[in-house]
Amino acid sequence: MNRNTVVNGNLIGILGGIILSTDSLFIRLMAVDNSWLIVVLRGVLMWAVMFAVWGLWPKSRAVLGVPWITRQNLLPALFFCAASACFVNALNRGNIATVLVIISSTPFVSAIISRLFFATKIDRSLMGAAMVGMLGVVIVMTGRQSGYDGSANYFALATAVCMALAFIFASRVEQGTLALPSLGGVLASVVVSLFAGSGLVTPLLALHAGQWGWLVIEGALIIPVAMGLISLSTRYVPPANAGLFLLLETALAPLWIYLFLQQAPTLNAVLGGGIIIMAVISQTLRVKKQAAIAL
């Protein structure tokens, strides 16, 4: 893996992270109380867009991959599926800044899982940063948020774990990976629909034009493009590094929420988020220093 490839992978991931940072705002603008309905509709929209591109633009297939489950893409699709369901529930139930700080632990979770379960050699400094980052997560999760469902924090932590596993397995897919998040999204739609059944019909019929508009923007544009780019970046940078792009959402999303919805972050979110971000910055600077010395 040469230096230009790593740079390109970082640029792809950064672009995906910036686009992804608007996702939380759109979910709140939908004002749809039923989180499972959002999971179903956005999963269908994500996959529909991906399938349309795959069918109408043959040259894209090498990057997209196939729009159906195969033996090779099954595991990343399953974890993207679980992450999609947990992410929406976390955002719809809790304080957005708090939820995103917890999810920002994804690169650290990825590093720990890679070391413990896949015998991947992880730099000691990264493992140290991971431990510090997880301390930040503990601080955030112990904070009380009046007016919010406490289960949101657990959905957020589950999102981080599932995203970490999705990145790990996506990096092992030999074919295109851009469509994996969309494939996971539609898989979540199918699973939720099977369990919810007719329970989703009433809230679906109650949606008005404005809610449909936000749903289409979020499900058919923001998520497929953002998650697709971050997933694609795992072909050029390590999975643990790819998770760092999610920190752009942690940094920018609360700003969009505060500007448009006037929802301020909690004190625990600020303290824990500061610890996580400092851990990431210190690790990033150390890696850059090592790379400069190696040249």
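Residues numbered from 1 in each chain as written. Predicted model: local features only at pLDDT ≥ 70, side-chain atom pairs only at ≥ 80, totals over all residues. Heavy atoms only, no water.

Chemist: Tell me about empty space enclosed by the protein, and please be specific about residues and values.
Modeler: The final tally for this structure, using the stated rule, is two cavities of 30 Å³ or more. A volume near 190 Å³ is recorded for the largest cavity. Around the largest cavity, the lining comprises 18 residues; the ones closest to its centre are Arg42, Ser84, Phe87, Met163 and Met227. Secondary-structure elements contributing two or more residues to the lining of the largest cavity are helix 3 (35–56), helix 5 (74–93), helix 9 (151–170), helix 10 (180–196) and helix 12 (209–233). With four residues, helix 5 is the single largest residue contributor to the lining of the largest cavity. Counted by class, the lining of the largest cavity contains eleven nonpolar, four polar and three charged residues. (1 Å grid on protein atoms, 1.4 Å probe; cavity = no way out; pocket = protein on both sides within 12 Å on 5 of 7 lines; lining within 4 Å. Points joined across faces, edges and corners; volume = space filled by probe spheres on them. Helix = DSSP H or I, 4+ residues; strand = E, 2+ residues; numbered from the N terminus. Nonpolar A, V, L, I, M, F, W, Y, C, P; charged D, E, K, R; others polar.)

Chemist: So what's going on with the layout of surface pockets? Residues and values would help.
Modeler: Taken as a whole, the second largest pocket encloses approximately 270 Å³ of empty space. Forming the boundary of the second largest pocket are 16 residues, of which Val53, Leu64, Leu178, Pro224 and Val225 lie nearest the centre. Listing elements by their share of the lining of the second largest pocket, those giving two or more residues are helix 3, helix 4 (61–64) and helix 12. Among the elements that take part in the lining of the second largest pocket, helix 12 stands out by supplying six residues, more than any other. Of the residues that constitute the lining of the second largest pocket, the class distribution is 13 nonpolar, three polar and no charged.

Chemist: For the packing of aromatic side chains, give the residues involved together with the corresponding values.
Modeler: As enumerated under the stated definition, the model contains six aromatic pairs in all. Pairing Phe79 with Phe169 gives two aromatic rings, centres 5.8 Å apart and planes at 5 degrees, and the pair type is stacked. A residue pair is termed long-range when its members are at least 10 positions apart, and Phe79 in helix 5 and Phe169 in helix 9 qualify at 90 residues. Under the relative-accessibility criterion, Phe79 is labelled partly exposed at 22%. Residue classification places Phe169 among the buried positions, given a relative accessible area of 16%. Between Phe80 and Phe167 the ring centres are 6.2 Å apart and the planes differ by 80 degrees, which places this aromatic pair in the edge-to-face class. Here Phe80 is found in helix 5, whereas its partner Phe167 is found in helix 9, with 87 residues between them in sequence. (Phe/Tyr/Trp six-rings, centres within 6.5 Å; stacked < 30°, edge-to-face > 60°. Buried < 20%, exposed > 50% of the residue type's maximum accessible area, 1.4 Å probe, protein only.)

Chemist: I'd like a rundown of the nonpolar core, residues and numbers included.
Modeler: Formed by 31 residues in total, the largest nonpolar core has its most connected members in Ile27, Leu91 and Val99. Elements supplying a minimum of two residues to this core: helix 2 (23–30), helix 3, helix 5, helix 6 (96–103), helix 9, helix 10 and helix 14 (247–261). Ranked by the residues each element gives to this core, the list is headed by helix 5, at seven residues. Once residues within four sequence positions are removed from consideration, Val99 is found in contact with Ala90, Leu91, Gly94, Ala152 and Ala156. The next biggest cluster of nonpolar side chains, apart from the first, holds 17 residues, and it includes Met46, Phe80, Val173 and Met227. (Core = buried A, V, L, I, M, F, W, Y, C linked by side-chain atoms within 4.5 Å. Contact = heavy atoms within 4.5 Å.)

Chemist: Explain unusual backbone geometry to me, and be specific about the residues and the numbers.
Modeler: If you check the backbone angles, Ala31 has positive phi at about 55 degrees while not being a glycine. Relative to the helices and strands, Ala31 resides in the loop between helix 2 and helix 3.

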